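Here is what each chain is made of, one letter per residue.
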Amino acid sequence: LNAVKSEFKDKTVLLVDDSIVRGTTSMELIQMARDAGAKKVYFASAAPPVRFPNVYGIDIPTKAELIAHNRSEEQICEVLGADKVIYNDLQDVIDAVMQLNPKLSGTFEASCFDGVYVTEEVTAEYLAAL
């Protein structure tokens, strides 16, 4: 991936990604934009902050590896090196999905965003052992 300097030099840019999990890719993209001369760099995530591990088969790491775990958006912004970080709100995402398909029950598995696990086997002890 290469930044075209003429597209970034002295500009305010908005970079958008599907999610920010560990933050490593986001940090690299932000630094690349700065190296290309961006005046300000805003970073937006289509997903809400990923604050909790997913234990249902998606490779989302332990909470210690998640950039959003126990951090405010301001702290995440500082770690990433962005001028501002922007997340979608979980309820807004749920509402948008419900508008697309009103037949859905309204109950979504969103544990990586809200820490609410749908199975009883996922306890605090289980998560601590990860």
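The preceding data block contains the structure.
Keep in mind that this is a model prediction, so the values were computed, not measured.

Reading the values: rules and limits
Residues numbered from 1 in each chain as written. Predicted model: local features only at pLDDT ≥ 70, side-chain atom pairs only at ≥ 80, totals over all residues. Heavy atoms only, no water. Helix = DSSP H or I, 4+ residues; strand = E, 2+ residues; numbered from the N terminus. Buried < 20%, exposed > 50% of the residue type's maximum accessible area, 1.4 Å probe, protein only. Contact = heavy atoms within 4.5 Å. Areas by Shrake-Rupley, 256 points an atom, 1.4 Å probe, with all protein chains shown as cover. Lys, Arg positive; Asp, Glu negative; His and termini not counted. Charge placed at Lys NZ, Arg CZ, Asp CG, Glu CD. Phe/Tyr/Trp six-rings, centres within 6.5 Å; stacked < 30°, edge-to-face > 60°. Salt bridge = Lys/Arg side-chain N within 4 Å of Asp/Glu carboxyl O. Pairing = 2+ DSSP bridges.

Caption draft 1: Inspection of the overall build of the protein at higher detail. When you go through the protein residue by residue, the secondary structure sums to 6 helices and 3 strands. In the protein, the succession of α and β elements from N to C terminus is α-β-α-β-α-β-α-α-α. Over its C-alpha atoms, taken along the principal directions, the protein stretches across nearly 55 × 40 × 25 Å. A burial count over the protein gives 31% of its 130 residues as buried. Long-range pairs, those at least 24 residues apart, make up 69% of the contacts in the protein between residues at least 6 apart in sequence. Total accessible area computed for the protein in this model is approximately 8,300 Å², and 52% of it derives from carbon and sulfur atoms. Here the protein holds 12 positive side-chain charges and 20 negative ones, and the gap between their average locations is 10 Å.

Caption draft 2: Inspection of the packing of aromatic side chains at higher detail. The tally for this structure, following the rule as stated, stands at 1 aromatic pair. When the centroid spacing of 6.3 Å and the interplanar angle of 55° are considered together, the rings of Tyr56 and Tyr117 count as tilted. Taken together, the residues span a long stretch of sequence, with Tyr56 in the loop between strand S2 (40-45) and helix H3 (73-80) and Tyr117 in the loop between helix H5 (111-114) and helix H6 (124-128) at a distance of 61 residues. On the basis of relative accessible area, Tyr56 is assigned to the partly exposed category, the value being 32%.

Caption draft 3: Up close: the pattern of salt bridges. Under the criterion given, the structure shown has 3 salt bridges. Two residues, Arg34 and Asp83, come together in a salt bridge whose shortest N-O distance is 2.8 Å. Within this pair, whereas Arg34 is found in helix H2 (residues 24-35), its partner Asp83 is found in the loop between H3 and strand S3 (84-87), the two being separated by 49 residues in sequence.

Caption draft 4: The arrangement of the pairing of S3 in detail. Here S3 shows one buried face, formed by Val85 and Tyr87, and one open face, formed by Lys84 and Ile86. Of the pairings in the sheet, the one linking S2 to S3 comprises 4 bridges and is parallel in character. Pairing of Ser45 across the sheet is with Tyr87, part of S3.

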